[in-house]
Amino acid sequence: MRITRDNLLHAAKSLCTDFASKKDPDALMTHFSTTHQCVAYEHGLPILAPFLGRHFVGRDGVRDYFKTIASTLSFERMEFSEYIVDPEVQKVSVKGRARFTWLSSEQSWDEIFTYVLDFDDDCKVTDYHVWADTGAAYLASKGQLSTG
């Protein structure tokens, strides 16, 4: 399969749509490679949240990442925009936004975040990187998020 900009854009949008639609981790895994080792990595210090600063490796690891997110956070009004597609390196970057809630404290915040997705030759994700507001997540986890 020849990887085109349109193929990559469609693959990235499909994953983002499914995540925003709150599909379960098994459904999200259909977007990940079965021929390459996958990794999910959300940048930040591991002490701040259970899903930060850890490499969730392999399909089971990536599934665990999504399960950890679902057991820790909820979100609403998630949307994605500004897709940047590079077919030469089979990579897509995308900006997202949503309102997140830390489940145990019920504290919420609005956030803009970025994904960088690497794809295999079948347009399946191999590397899933997230940059987000780790400070807000940490404060919400401790019940100390001031929204004033």
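Above this text is the structure in question.
Below is a summary of the structure that appears in this document. Everything numeric here is computed off the predicted structure, so don't read it as measured data.

**Notes on the side chain of Thr-101**
Position of Thr-101 relative to the elements: it lies in strand 4 (residues 91-102). Judged by relative accessible area, which is 17%, Thr-101 ranks as buried. Side-chain polar atoms of Thr-101 contact the side chain of Ser-108, separated by 2.5 Å. Not counting the four nearest positions on each side in its chain, Thr-101 is found in contact with Thr-72, Leu-73, Ser-74, Glu-106, Gln-107, Ser-108 and Trp-109.

**Quick look at the packing of aromatic side chains**
Two descriptors summarise a pair of aromatic rings, namely the distance from one centre to the other and the angle between the planes of the rings. One pass over the full model with this rule turns up 16 aromatic pairs. A centroid spacing of 5.9 Å and a plane angle of 50° characterise the contact between Phe-19 and Phe-66, whose relative ring orientation is tilted. Within this pair, whereas Phe-19 is found in helix 1 (residues 5-20), its partner Phe-66 is found in helix 3 (residues 58-72), the two being separated by 47 residues in sequence. Like Phe-66, Phe-19 is buried. Plain terms: the ring middles of Phe-32 and Phe-66 are 5.9 Å apart, the flat faces sit at 65° to each other, and that makes the pair edge-to-face. Taken as a pair, Phe-32 in the loop between helix 2 (25-28) and strand 1 (39-42) and Phe-66 in helix 3 lie far apart in primary sequence, 34 residues in all. Look at Phe-66 and you get buried, because its relative accessible area is 3%. A network of ring pairs unites the aromatic residues Phe-19, Phe-32, Phe-56, Tyr-65, Phe-66, Phe-75, Phe-80, Phe-100, Trp-109, Phe-113, Tyr-115 and Tyr-128 as a single cluster. Positioned above the aromatic ring of Phe-75 is the side chain of Lys-22, whose terminal nitrogen or guanidinium carbon lies 5.2 Å from the ring centre.

Calculation notes
Residues numbered from 1 in each chain as written. Predicted model: local features only at pLDDT ≥ 70, side-chain atom pairs only at ≥ 80, totals over all residues. Heavy atoms only, no water. Helix = DSSP H or I, 4+ residues; strand = E, 2+ residues; numbered from the N terminus. Buried < 20%, exposed > 50% of the residue type's maximum accessible area, 1.4 Å probe, protein only. Polar contact = N/O pair within 3.5 Å; in protein donor to acceptor, adjacent residues only side chain to side chain. Contact = heavy atoms within 4.5 Å. Phe/Tyr/Trp six-rings, centres within 6.5 Å; stacked < 30°, edge-to-face > 60°. Lys NZ or Arg CZ within 6 Å of the ring centre and 35° of its normal.

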